[in-house]
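Inside the fold
One-letter residues, chain by chain:
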Amino acid sequence: QATPWLPVLSRTLAAVLGGYAFTYAFTAALARLLPLAPNDALIVATLPAFVIYPLAILWSFCCRNATQAWYGVALAVPLAVIGFWPQLMRALA
């Protein structure tokens, strides 16, 4: 490889920014899906975020290549659609 720092930079960005996006989308989706009052669901959904974010960071550095690390970020898209469905519908209306 001509530039060995580029895959490391890509993994770092996938870990920090992508991990945050995944955790944020996961928390929003879980809060929407929990059969609790909205305030209680938000609190309960936020607690696993303290485990999900470090796991997302570790996972991005455990992948065989940087491209696989970015596939985890793509998993945030369906979670974000579930979590932010009401806001999405209001924006489209």
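For the structure, see preceding data.
Residues numbered from 1 in each chain as written. Predicted model: local features only at pLDDT ≥ 70, side-chain atom pairs only at ≥ 80, totals over all residues. Heavy atoms only, no water.

Overview of the nonpolar core
Core analysis: the biggest nonpolar cluster contains 6 residues, these being Phe 22, Ala 25, Ala 29, Ile 52, Ala 76 and Leu 79. Looking at this core, the elements that each hand over two or more residues are helix H1 (5-33) and helix H5 (76-83). It is H1 that contributes the most residues to this core, 3 residues altogether. Dropping the residues within four chain positions of it, Ala 29 is found in contact with Leu 79, Ile 82 and Gly 83. (Core = buried A, V, L, I, M, F, W, Y, C linked by side-chain atoms within 4.5 Å. Buried < 20%, exposed > 50% of the residue type's maximum accessible area, 1.4 Å probe, protein only. Helix = DSSP H or I, 4+ residues; strand = E, 2+ residues; numbered from the N terminus. Contact = heavy atoms within 4.5 Å.)

A closer look at a nonpolar patch on the surface
Together, Trp 5, Leu 6, Leu 9, Leu 13, Val 16, Leu 17 and Trp 70 make up a nonpolar patch on the protein surface, roughly 680 Å² of accessible area in all. In this structure Leu 6 comes out as partly exposed when scored by relative accessible area, which is 44%. (Patch = residues over 30% accessible without salt bridge, like charges linked within 9 Å, V, L, I, M, F, W, Y side chains within 5 Å. Areas by Shrake-Rupley, 256 points an atom, 1.4 Å probe, with all protein chains shown as cover. Salt bridge = Lys/Arg side-chain N within 4 Å of Asp/Glu carboxyl O.)

Observations regarding the packing of H1 against H5
Between H1 and H5, the shortest axis-to-axis distance is 7 Å and the interhelical angle comes to 35°. The two elements H1 and H5 cross, and the hand of that crossing is left-handed. Across the interface between the two elements, Ala 21, Phe 22, Ala 25, Phe 26, Ala 28, Ala 29, Arg 32 and Leu 33 of H1 pack against Ala 76, Leu 79, Ala 80, Ile 82 and Gly 83 of H5. Here the contact of H1 with H5 is built from residues that sort into 11 nonpolar, 1 polar and 1 charged. (Axes fitted to C-alpha atoms, helices over the stretch in contact; angles between N-to-C directions. Left-handed = near helix turned anticlockwise from the far one by under 90°. Nonpolar A, V, L, I, M, F, W, Y, C, P; charged D, E, K, R; others polar.)

Considering the packing of aromatic side chains
What describes a pair of aromatic rings is the distance from one ring centre to the other and the angle between the planes of the rings. Tallying each qualifying case throughout the model produces 4 aromatic pairs. Between Tyr 24 and Phe 84 the ring centres are 5.5 Å apart and the planes differ by 35°, which places this aromatic pair in the tilted class. Of this pair, Tyr 24 sits in helix H1 while Phe 84 sits in the loop between H5 and helix H6 (85-92), and the two are 60 residues apart along the sequence. Owing to a relative accessible area of 49%, Tyr 24 belongs among the partly exposed residues under this scheme. Through a chain of ring-to-ring contacts, the aromatic side chains of Tyr 20, Tyr 24, Tyr 53 and Phe 84 assemble into a single cluster. (Phe/Tyr/Trp six-rings, centres within 6.5 Å; stacked < 30°, edge-to-face > 60°.)

Looking at the state of the cysteines
For the coordinates displayed, the defined rule picks out 0 disulfides. Considering cysteine sulfurs only, Cys 63 is the nearest to Cys 62, which forms no disulfide, with 7.3 Å between them. Residue class for Cys 62 comes out exposed when judged on its relative accessible area of 64%. Given the relative accessible area of 11%, Cys 63 is considered buried. (Disulfide = S-S within 2.5 Å.)

Description of the environment of Ile 52
Relative to the elements of secondary structure, Ile 52 occurs in helix H3 (residues 49-62). A relative accessible area of 19% means that Ile 52 is categorised as buried. Distance from Ile 52 to Thr 27, taken between C-alpha atoms, is 9.4 Å for residues 25 residues apart in sequence. If near-sequence neighbours (up to four positions away) are discounted, Ile 52 is found in contact with Phe 22, Thr 23 and Phe 26.

Keep in mind these values describe shape, not function.
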